[in-house]
Amino acid sequence: MADIAPAHVKIARRGLMLVISSPSGAGKSTIARTLMDKDKQIGLSVSVTTRQRRQSEIEGVHYQFVSQREFERLRDSDSLLEWAQVHGNYYGTPREAVETAMGEGRDMLFDIDWQGAQQLQDKMSADVVSIFILPPTMAELQSRLHRRAEDSEEVIQTRLNNSRAEIAHWREYDYVIVNDDLNAAFDAVQSIVKAERLRRDRRHGLFDFVEGLIA
Ligand SMILES: Nc1ncnc2c1ncn2[C@@H]1O[C@H](COP(=O)(O)OP(=O)(O)OP(=O)(O)O)[C@@H](O)[C@H]1O
Ligand SMILES: Nc1nc2c(ncn2[C@@H]2O[C@H](COP(=O)(O)O)[C@@H](O)[C@H]2O)c(=O)[nH]1
């Protein structure tokens, strides 16, 4: 197995970059929030966005809401690790928080679209684990956006119109989960995180216990 470091080589463990994407309304933020509640080892990357704040959202918790001018300043000063225009607004991942977490070996979750996922994959492929969430049907996707009752009808229609083009990127992800039953979808995400942490630890030769057994 070529990816295991020899026992005498100690490599600093880096955090996992868990990327989760989906068409709007498929349930990725719900799954991400549940994971953050249950798994205290993982931190959420809080994006900056030019989108208007929704009623339920808190500044600095769900997003950092910024003006177009401030977004351009952050982008042009290379303060964003990735950025994209999605459904007519700009979104980006602040670089500093991610680099600090990775360097300290802390895992991070990114609720970002396929364009952002591609950029992280290009820049930091060794650390990225990507998951795409699908809705069970397009009709259910539509009714979830309506039931969420956070966006205007016009915004909902824009998001639904974009959903097929977003779903077309599903093959670019390491894992694909159909979010029909929320608990089952969450369990699948949790299993992926657990398995990927084991793989990462094996890769970094941190199985001190095994080394002790065979010493
Ligand atoms: N398995 C499920 N069954 C029924 N409703 C669900 C399920 N998963 C999520 N929902 C509901 O669907 C709505 C959309 O979910 P959520 O906001 O998590 O979507 P999203 O993919 O993050 O969308 P966006 O990209 O617009 O942020 C929410 O009201 C959520 O409670
Ligand atoms: N490329 C990025 N995409 C992002 C980021 N933050 C959020 N998103 C994605 O935007 C859409 C819409 O989100 P919403 O909160 O307005 O519903 C969704 O697909 C998010 O995943 C980011 O920093 N970069």
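Residues numbered from 1 in each chain as written. Chains lettered and ligands numbered in written order. Predicted model: local features only at pLDDT ≥ 70, side-chain atom pairs only at ≥ 80, totals over all residues. Heavy atoms only, no water.

Caption draft 1: Expanded view of the nonpolar core. Counting 23 residues, the largest nonpolar core has Leu18, Leu35 and Leu109 as its most contacted members. If you list the elements that add at least two residues to this core, you get strand S1 (17-21), helix H1 (28-38), strand S8 (128-134), helix H5 (138-148), helix H6 (153-167) and helix H7 (182-203). Examining the composition of this core, we find that five residues originate from one element, H7, more than from any other. Sequence-distant contacts of Leu109, that is, excluding residues within four places in its chain, are made with Leu18, Ile20, Ala32, Leu35, Met36, Ile42, Gly43, Leu44 and Ser45. (Core = buried A, V, L, I, M, F, W, Y, C linked by side-chain atoms within 4.5 Å. Buried < 20%, exposed > 50% of the residue type's maximum accessible area, 1.4 Å probe, protein only. Helix = DSSP H or I, 4+ residues; strand = E, 2+ residues; numbered from the N terminus. Contact = heavy atoms within 4.5 Å.)

Caption draft 2: Looking closely at the sheet that holds strand S5 (residues 80-86). Across the sheet, which stays open at both edges, the four strands sit in the order S4-S3-S6-S5 with mixed pairing between neighbours. Each of the sheet's edge strands pairs with one partner strand only, and the pair in question is strand S4 (64-65) and S5. Lying over the sheet, helix H2 (residues 68-76) contacts strand S3 (48-49), S5 and strand S6 (89-94), oriented at roughly 140° with respect to S5. (Pairing = 2+ DSSP bridges. Axes fitted to C-alpha atoms, helices over the stretch in contact; angles between N-to-C directions.)

Caption draft 3: The pairing of strand S7 (residues 107-111), seen in detail. By the criterion of burial, S7 is predominantly enclosed, with four of the five residues buried. Pairing of S1 with S7, which is carried by four bridges, proceeds in the parallel orientation. Within S7, the position partnered with Leu18 by the bridge is Leu109. Examined bridge by bridge, strand S2 (residues 42-44) and S7 share three bridges and lie parallel to one another. Bridge pairing in S7 links Gly43 to Met108.

Caption draft 4: Highlighting empty space enclosed by the protein. Scanning the model with the defined rule gives one cavity of 30 Å³ or more in all. By volume, the largest cavity is sized at about 30 Å³. The wall of the largest cavity is formed by Ser21, Ser22, Pro23, Asp113, Trp114, Phe132 and Glu166. Across the lining of the largest cavity, the residue classes break down as three nonpolar, two polar and two charged. (1 Å grid on protein atoms, 1.4 Å probe; cavity = no way out; pocket = protein on both sides within 12 Å on 5 of 7 lines; lining within 4 Å. Points joined across faces, edges and corners; volume = space filled by probe spheres on them. Nonpolar A, V, L, I, M, F, W, Y, C, P; charged D, E, K, R; others polar.)

Caption draft 5: Seen up close, the UniProt feature "binding site: ATP" (unreviewed entry) in the protein. Following the UniProt record, one finds the feature "binding site: ATP" (unreviewed entry) at Ser22, Pro23, Ser24, Gly25, Ala26, Gly27, Lys28 and Ser29. Checking the named residues against the largest cavity, the ones that line it are Ser22 and Pro23. Examined against the element boundaries, Ala26 turns out to sit in the loop between S1 and H1. Look past the residues within four positions of Ala26 in its chain and what remains in contact with it is Ile133, Leu134, Pro135, Leu141, Arg144 and Asn179. With respect to the element layout, Lys28 can be found in helix H1. In contact with Lys28, other than residues within four places in its own chain, are Ile20, Ser21, Ser22, Pro23, Asp111 and Ile133. (UniProt positions renumbered as here; feature names shortened; annotations may be inferred.)

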